[in-house]
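# Coordinate inspection notes
Spelled out, the chains give:
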Amino acid sequence: MPKTLPLLRITLAIAALAVLEPALAAKYYCGRQLTPEETAQAEQIMEKMRKALPPAADGWVVSGDSGGVSCLDTQQPKPANISVRRSYVYLGEAAADSGQAEQARFAEAERKLAALKQEQEETAAKLNAARATRDPKVMQPIQQKLRELQLAQAAQSGELAKLRGEVQRKAQARKNAEREASRKPENKASISVTANKAWFSGVYPGGKQIDVAGATLAIQDARQDGLAVTQLYFGGKLPEGEEGKVAIDAAAPMLKVQNLAVRIDAWPQATEQLLKGIDAAALKELVQP
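Notes on the structure follow. (Residues numbered from 1 in each chain as written. Predicted model: local features only at pLDDT ≥ 70, side-chain atom pairs only at ≥ 80, totals over all residues. Heavy atoms only, no water.)

Further remarks concern empty space enclosed by the protein. Applying the stated criterion across every chain, the model contains one cavity of 30 Å³ or more. Of the volumes computed, that of the largest cavity is approximately 60 Å³. Lining the largest cavity we find P55, A56, A57, W60, Y88, A189, A270, Q273 and L274. No other element matches the three residues that helix α4 (residues 268–277) contributes to the lining of the largest cavity. Looking at the lining of the largest cavity residue by residue, the classes come out as eight nonpolar, one polar and no charged. (1 Å grid on protein atoms, 1.4 Å probe; cavity = no way out; pocket = protein on both sides within 12 Å on 5 of 7 lines; lining within 4 Å. Points joined across faces, edges and corners; volume = space filled by probe spheres on them. Helix = DSSP H or I, 4+ residues; strand = E, 2+ residues; numbered from the N terminus. Nonpolar A, V, L, I, M, F, W, Y, C, P; charged D, E, K, R; others polar.)

Next up, the structure:
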């Protein structure tokens, strides 16, 4: 799976084809807007969910990673559905070319430009101090240094613009490759985790119970079109009846994780890889008695 570089907050902008600014703080609602403390708690839970999800296997890339809090249309706070979802696309050998090298060069060029600007400010301050001497021998070397710094900045700005273009072209190429690959169903896969489900839709026509270490219940339905729908349940109270209803304590704290339901939509080989990559123990630890 490609890794974004934290350096200078540079991110390969797939959608906007640009270097993005840090995102605005998320807002979540459950009968009302969550408080900052509740938001932080929900995001901590979502982050633990994400860490328990599989990275992209060889030849695959993560095409989407989202999360949120929902109580549907309820007017009163209640045990919230806290969920994350990760999507994958198979690119084969093209998956290795993530644009990371271009991002690294861009980040280094930006660092150099910032250093040149800082040096120019410091040199300008020295020149102001030197003017008090009215001595050309003192001022001229500093003035020459300023001219050199201005030329260096112009050159570095040009290099930065060139590298920005490379980052954008790489982003567009990756976007095109993902779009082309996703036209084939076998190249797509997704996995989601949802807390506080009131029902567990693990029973499909033809669905069979399978063994997944750590999961309270696991059901898989291999469809005729080649897709496999796999669902895992983590919780102390088992789903009951044909509809798979789960006993949820409505009076429990809104963000208490009473159970977790995992759903994988992928073709069999990808499903097997995702099942192997799930940290079932970490998910199980999130469920509170």
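This is not the end of the story, as more comes after the structure.
Taken in spatial order, the seven strands of this open sheet run β1-β2-β3-β7-β6-β5-β4, and their pairing is antiparallel. Where the open sheet ends on each side, the last strands, each with one partner, are β1 (60–70) and β4 (208–209). Across six bridges, the pairing between strand β5 (residues 217–222) and strand β6 (residues 228–235) is antiparallel. Each residue of the ladder has a partner; that of D221, found in β6, is V229. The sheet strands contacting α4 are β1, β2 (81–90), β3 (188–195), β5, β6 and β7 (259–266), and the helix crosses β7 at an angle near 145°. (Pairing = 2+ DSSP bridges. Contact = heavy atoms within 4.5 Å. Axes fitted to C-alpha atoms, helices over the stretch in contact; angles between N-to-C directions.)

If you look at the biggest cluster of nonpolar residues, it comprises 40 residues, and the most contacted ones within it are M49, F234, L260, V262 and L283. Among the elements of the structure, α1 (36–52), β1, β2, β3, β6, β7, α4 and α5 (280–286) are those that each provide at least two residues to this core. Counting residues per element, this core draws most heavily on α1, at five residues. When residues no more than four places from it in sequence are discounted, the contact partners of L260 are M49, V193, T194, A195, L232, Y233, F234, L283, L286 and V287. (Core = buried A, V, L, I, M, F, W, Y, C linked by side-chain atoms within 4.5 Å. Buried < 20%, exposed > 50% of the residue type's maximum accessible area, 1.4 Å probe, protein only.)

Before going further, it helps to examine the side chain of S190. In this fold, S190 is placed in strand β3. S190 sits in the buried class, given a relative accessible area of 8%. In this structure the side chain of S190 is engaged in a polar contact, spanning 3.3 Å, whose partner is the side chain of R85. Not counting residues within four places of it along the chain, the set of residues in contact with S190 comprises R85, R86, S87, Y88, R263, I264, D265 and L274. (Polar contact = N/O pair within 3.5 Å; in protein donor to acceptor, adjacent residues only side chain to side chain.)

Tallied over the entire structure, the rule returns two aromatic pairs. Above the plane of the ring of W199 lies K197, whose end atom (NZ or CZ) is 4.3 Å from the centre. (Phe/Tyr/Trp six-rings, centres within 6.5 Å; stacked < 30°, edge-to-face > 60°. Lys NZ or Arg CZ within 6 Å of the ring centre and 35° of its normal.)

Bringing the pattern of salt bridges into the picture now. By the definition in use, this model includes 12 salt bridges. Of the charged contacts, one joins R105 and E102 as a salt bridge, the two residues approaching to 3.7 Å between their closest N and O atoms. Of this pair, R105 and E102 are both found in helix α2 (residues 100–131), three residues apart, which corresponds to roughly one turn of the helix. Residues R183 and E180 are paired through a salt bridge, measuring 3.0 Å at the closest nitrogen-oxygen approach. A relative accessible area of 60% places R183 in the exposed class. Taking relative accessible area as the criterion, E180 reaches 47% and is therefore assigned partly exposed. Here the salt bridges share partners, and the residues they tie into one network are E47, R50, D65 and R86. (Salt bridge = Lys/Arg side-chain N within 4 Å of Asp/Glu carboxyl O.)

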